Amino acid sequence: MADDLPKGGSFLIEETDPASIFTPEDFTEEQRMFAKTAEDFIHNEVIPKIEQTEAKEEGVMVELLKKSGELGLLMIDVPEKYGGLELDKATSMLVTEVISKGGAFAVTYAVHIGIGTLPVSYFGTPVQKEKYLTKLATGELIGSYALTEAGSGSDALAAKTRADLSDDGKYYILNGEKTFLSNGGFADLIIVFAKVGGEEFSAFIVERGYDGLTLGAEEKKLGIRGSSTVQIFLDNVKVPVENLLGEKGKGHKIAFNILNVGRFKLGVGSVGSAKIAIDDSIKYANERQQFGKPIASFGMIKNKIANMATYTYVTESMSYRTAGLMDGILSPIDRDADDASELTMKGIEEYVTECSIMKVKGTEMIGYVADESVQIFGGYGYVEDYPAERYFRDARIGRIYEGTNEINRMLIPGMLLKRAMKGEIPLMAAAKKLQDELLEFPMMEETEEEGLLIEEKKLVQNVKKVSLLTAGVAVQKFMDKLQDQQGVLGNLADIIIEAYGMESALLRTLKIAASKGEDGADVVFKMTRLYIYDTIGKIDQWAREVLAACSDGDELRTMLAALRRLTRNIPVDTLGLRLEIADYFIEKEKYEI
Amino acid sequence: MKNVPDTETKIKLTSDRSGIETQGIKYVMNPFDEYAVEAALQLKEKFKDDTTVTVMSLGPDRVVETLRTALAMGADEAVHVWDPAFEGSDMLSGAKILAKVAEKMEFDLILGGKQGIDYDSMQTCAAVAEHLGIPQVQIVIALEISDDKTSIVARRRIEGGDEVVNIKLPAVVTCEKGLNEPRYASLPGIMKAKKKEIKKIGLSDLEGLSAADVGASGSATKIVGYEPLAERAPCRMLEGEPGQQVSDLVRALREDAKVI
């Protein structure tokens, strides 16, 4: 890893130059063309067939996936050596964002290119890649992934499915049941996790046609109804030994690394889903007349539109900042080298905290946006003739799969602390320094700086300090038992997530202002202010809870005084900002910066 | 080929009504030109020989993106025709320029969209054919080319039926919706397009054409101003039994709208 690249999680302790982050404004003409193809495909092919796919009409979804393969949309992340395009992560995320406007198709797509293809891409032998990856890249084969079992979801390693070497040593015999296989109903290839000899957790490439493999019925789901989700039964399925994926007993490496990629893609996918929900909501609000006026002219509707757009802007800023980090670490890798896959995974692992942050933030953002979309549509939001109810139902799964948001909230402070303990980022030193600074000396009155968003910048810096303060206090109090304090960890995660969100929006806005001038950045400027002032109160509340859980009496009072100094602010007119932000988007009739 | 504001763009007039607000407009390939590009690519695929497809667009730098899209769809070469002197050209002076460029090239067939969806004049391609002195068929919904590439049979929709025209090449054909289903620019296609050259042609490259022949001075028309559409009043729903609705409607037409 090059020294000048930011370490994963280091945003909490370092200052970032706005010019150094990647933003959607930095896309090249070519990247925008890739997105245009995806956008045209979604609007002309996928959306007109949504009624058919939602009704699970035989073959329609598969045909769409194959068609997307013909356009090259399935080969973005696949190495060139195996017929792919191996494009940068920013492009890959942009395409995922756009595809996410396509409802259940987006899930089918993401499952295929993600958990269906990446295990072979990252862990396959050259022979396995030649045989399977080349066809996954074109869509000739459709991939699926079987990790979860009825009794083991988040606790994936507790799986009961087992694999036993046959007497002649040529096969592993798989027995067990797997549940919730996305794409399972039509997949040609399934990555199945099973324990060799009931002990060594491993992954296998299983072809749909192997004897003994049967599918259960399609699940009847709350949302993403067009996607296939089935159970599979493995009854003495003979899998050739050469289809063992990766090393025996190292299946967890595959399971967890692949999930990291899924997480950041899910975050950016939420941005695409939010954009289409916002566009539809604003159009409806402009058309729908009540009391002789379009409902878009009412303050409370504007309030919602402003929040929807602002949360989307923040999540979008975080997503592409993360994409930029990934590309920074991945692009120098020699793609022809033998260890290219290993290095790629290590690179993604570096930003495991950011991946979890994206997952939680994105899926909760779309939860809010889709919910308000139903509200703007009113009664029509509750009926199937309008898309809002589908957005609402489709959004709900996001908080559950690819690691529940609870698991990811555990991981965010957990991974950071682990990295800190290993000395990978100097988190502890920074926390200690901050405590001394806050407790031992009165805060120096800072000199008046001048420039754009100065107050907001200070607040963001302070929120980062709040995360260090609270994490430091929690570690001191609970030491290695902190893992058992889920309430504290959840609050720490929320503070860290928002620190990344606020800062990413702020940096992007400053970057836009630097290129377009203050006038050109007007609406992003307002959204950034709104978000920071809206969130600072929540930060304060989460931090107070952590401090109260970790200390009492005089110690607590001292800590609270320190916190107050960090979160203190004079409110700006956020209600007024919302009206102005809403007017901008209502005029455009869509989310467009 | 032309690039035009995306069909979803909300067009706003400038405050002095001398033109439209171009800031923030997203430009796309004129939808009718997509049929033309697709038709050309299908012909190339039919012959499987050294047939090449060259796309050409007259306009400022923003047309390059549209040319690139056509290259990504599979066109072989692209020509970007622009010069500051061309600014303000109307359909006729634009056609003069395009015909001059075409004269410099070898071609069997010139395809274009039946109209640009921005100014909807339907004149440019026709005028190009006139300047070149070659035949033209407009608004074509089916097209067949002879194996020796010397003639085409084109079908065009007319009032009450279809007209089938057989003409000798070279010729100009303009394409209508229904002719084909334009393909998408595939991702590998987009990557290949990056390596294809876009040739630039300006006034000095066009012999026999002076600044006076092009731009506003070479134009036969002048736009005096733009008027916005009158705002439409919101719909009013009539309620009650059909009989009641009819009498309410008649009253509204007579008393409110004053049309009967």
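Residues numbered from 1 in each chain as written. Chains lettered and ligands numbered in written order. Predicted model: local features only at pLDDT ≥ 70, side-chain atom pairs only at ≥ 80, totals over all residues. Heavy atoms only, no water.

Turning our eyes to something else, we now look at the overall build of chain A. Within chain A, the regular secondary structure consists of 19 helices and ten strands. Computed over C-alpha atoms, the radius of gyration of chain A comes to 24 Å, within 12% of the 25 Å expected from 2.2 N^0.38 for 593 residues, which places it in the range of a compact globule. Once the C-alpha set of chain A is aligned to its principal axes, its extents read approximately 75 × 60 × 40 Å. Long-range contacts, defined as pairs at least 24 residues apart, comprise 78% of the intrachain contacts of chain A with a sequence gap of at least 6. Of the roughly 24600 Å² that chain A leaves accessible, carbon and sulfur atoms contribute 51%. (Helix = DSSP H or I, 4+ residues; strand = E, 2+ residues; numbered from the N terminus. Rg over C-alpha atoms; globule rule 2.2 N^0.38 Å. Contact = heavy atoms within 4.5 Å. Areas by Shrake-Rupley, 256 points an atom, 1.4 Å probe, with all protein chains shown as cover.)

Broken down by element type, chain B carries six helices and ten strands. Projected onto its principal axes, the C-alpha positions of chain B cover 70 × 45 × 40 Å. Buried residues in chain B amount to 42% of all 260 residues. Taking as baseline every contact in chain B between residues at least 6 positions apart, the subset at least 24 positions apart corresponds to 67%. Total accessible area on chain B stands at roughly 15200 Å², and carbon and sulfur atoms take up 51% of it. (Buried < 20%, exposed > 50% of the residue type's maximum accessible area, 1.4 Å probe, protein only.)

Attention now goes to the interface of chain B and chain A. Each partner contributes residues to the interface: chain B has 18 residues there, and chain A has 23 residues. Counting the surface lost from both chain B and chain A, the interface buries some 1800 Å², and carbon and sulfur atoms represent 62% of this. The largest share of the area that chain B buries against chain A comes from B:Tyr184, B:Leu187 and B:Ile190, three residues that together contribute 38% of it. Summed over the shared surface of chain B and chain A, the number is four salt bridges. Across the pair B:Arg68 and A:Glu29 runs a salt bridge whose closest N-O atoms are separated by 3.7 Å. Counting the contacts that link chain B with chain A gives seven residue pairs in polar contact (both at pLDDT 80 or more). Those elements giving two or more residues to the side of chain B that touches chain A turn out to be helix 2 (63-73) and helix 5 (187-195) of chain B. (Buried area = accessible area lost by both parts, 1.4 Å probe. Salt bridge = Lys/Arg side-chain N within 4 Å of Asp/Glu carboxyl O. Polar contact = N/O pair within 3.5 Å; in protein donor to acceptor, adjacent residues only side chain to side chain.)

This paragraph deals with the domain arrangement of chain A. As assigned here, chain A comprises domain 1 (24-143), domain 2 (144-245) and domain 3 (407-588). One C-alpha centre belongs to domain 1 of chain A, the other to domain 3 of chain A, and the line joining them spans 37 Å. (Domains from an automatic or database assignment.)

Our next topic: the pattern of salt bridges. If you walk through the whole model with that rule in mind, you get 57 salt bridges over all chains. Notably, a salt bridge pairs B:Lys12 with A:Glu587, separated by 3.3 Å at the nearest N-O pair. With B:Lys12 in the loop between strand 1 (3-5) and strand 2 (27-29) and A:Glu587 in helix 19 (residues 574-588), the pair connects residues from two separate chains. In this structure, the salt-bridge partner of B:Glu176 is B:Lys114, at a minimum N-O distance of 3.3 Å. Of this pair, B:Glu176 sits in the loop between strand 9 (171-175) and helix 5 while B:Lys114 sits in the loop between strand 5 (109-113) and helix 4 (124-132), and the two are 62 residues apart along the sequence. Like B:Lys114, B:Glu176 is buried. Beyond isolated ion pairs, a larger network of salt bridges with shared partners links A:Glu25, A:Glu97, A:Lys275, A:Glu316 and A:Arg508.

Turning our eyes to something else, we now look at the domain arrangement of chain B. Partitioning chain B into domains gives domain 1 (3-218) and domain 2 (233-260). The distance between the C-alpha centroids of domain 1 of chain B and domain 2 of chain B comes to 48 Å.

On to empty space enclosed by the protein, then. All names here are of chain A. Within this structure, the stated rule accounts for two cavities of 30 Å³ or more. Taken as a whole, the largest cavity encloses approximately 100 Å³ of empty space. Along the wall of the largest cavity there are 13 residues; nearest its centre are Leu417, Leu427, Ser467, Leu468 and Ala471. Secondary structure elements with two or more residues in the lining of the largest cavity: helix 13 (405-421), helix 14 (427-440), helix 15 (454-478) and helix 16 (486-520). With four residues, the single largest contributor to the lining of the largest cavity is helix 15. Of the residues contributing to the lining of the largest cavity, the split by class is eleven nonpolar, two polar and no charged. Estimated volume of the second largest cavity: approximately 30 Å³. Taken together, Leu74, Met75, Ile76, Asp77, Val78, Ile113 and Thr117 make up the lining of the second largest cavity. (1 Å grid on protein atoms, 1.4 Å probe; cavity = no way out; pocket = protein on both sides within 12 Å on 5 of 7 lines; lining within 4 Å. Points joined across faces, edges and corners; volume = space filled by probe spheres on them. Nonpolar A, V, L, I, M, F, W, Y, C, P; charged D, E, K, R; others polar.)

For the rest of this paragraph, the subject is the nonpolar core. Core analysis: the largest hydrophobic core is formed by 237 residues, its most contacted members being A:Phe105, A:Tyr109, A:Leu174 and A:Phe204. Excluding residues that lie within four positions of it along the chain, A:Phe105 makes contacts with A:Phe41, A:Ile42, A:Val46, A:Met61, A:Leu64, A:Leu65, A:Ser68 and A:Ile99. If you look at the next biggest cluster of nonpolar residues, it comprises 23 residues, including B:Met56, B:Ile97, B:Val172 and B:Leu209. (Core = buried A, V, L, I, M, F, W, Y, C linked by side-chain atoms within 4.5 Å.)

Turning our eyes to something else, we now look at unusual backbone geometry. Cis geometry is found at the peptide bond from B:Leu169 to B:Pro170, where omega equals 0°. For B:Pro170, the location among the structural elements is in the loop between strand 8 (161-168) and strand 9. One non-glycine residue, A:Ile224, lies in the positive phi region at around 35°. Residue placement: A:Ile224 occurs in the loop between strand 6 (213-215) and strand 7 (229-240). Notably, B:Arg17 is not glycine yet its phi reads approximately 60°, a positive angle. As for its placement among the helices and strands, B:Arg17 is situated in the loop between strand 1 and strand 2. The exposure class assigned to B:Arg17 is partly exposed, which follows from its relative accessible area of 38%.

At a closest axis distance of 11 Å, the pairing of helix 1 (residues 29-46) of chain A and helix 2 of chain B adopts a crossing angle of 60°. Taken together, helix 1 of chain A and helix 2 of chain B sit at an angle that is classed as oblique. When you trace helix 1 of chain A past helix 2 of chain B, the crossing you get is right-handed. Contacts between helix 1 of chain A and helix 2 of chain B involve A:Glu29, A:Arg32 and A:Met33 on the former and, on the latter, B:Val64, B:Glu65, B:Arg68, B:Thr69 and B:Ala72. A breakdown of the residues in the contact of helix 1 of chain A with helix 2 of chain B according to their chemical character gives three nonpolar, one polar and four charged. (Axes fitted to C-alpha atoms, helices over the stretch in contact; angles between N-to-C directions. Parallel < 35°, antiparallel > 145°, perpendicular 65-115°, else oblique. Left-handed = near helix turned anticlockwise from the far one by under 90°.)

Moving on to the sheet that holds strand 8 of chain B. Residues and elements named next belong to chain B. Across the sheet, five strands lie side by side as 5-9-6-7-8; this open sheet has mixed pairing. Each edge of the open sheet is held by one strand with a lone partner, namely strand 5 and strand 8. Averaged over all adjacent pairs, the angle separating strand axes in this sheet is 45°, with direction ignored. When strand 7 (residues 151-158) meets strand 8, the two strands line up antiparallel, connected through eight bridges. In the sheet register, Ala154 faces strand 8, and the bridge partner there is Val165. Of the strands in this sheet, strand 5, strand 6 (136-145) and strand 9 are in contact with helix 1 (residues 31-47), which crosses strand 5 at around 150°. (Pairing = 2+ DSSP bridges.)

Attention now moves to the packing of aromatic side chains. Residue and element names in this part refer to chain A. Applying the stated criterion to the full structure yields 20 aromatic pairs over all chains. Taken together, a centroid distance of 5.4 Å and an interplanar angle of 85° make the contact between Phe27 and Tyr320 edge-to-face. Placement of Phe27 in the segment before helix 1 and of Tyr320 in helix 9 (residues 299-330) is noted, with a sequence separation of 293 residues between them. Take Phe27: its relative accessible area is 8%, and that puts it in the buried class. Given the relative accessible area of 0%, Tyr320 is considered buried. (Phe/Tyr/Trp six-rings, centres within 6.5 Å; stacked < 30°, edge-to-face > 60°.)

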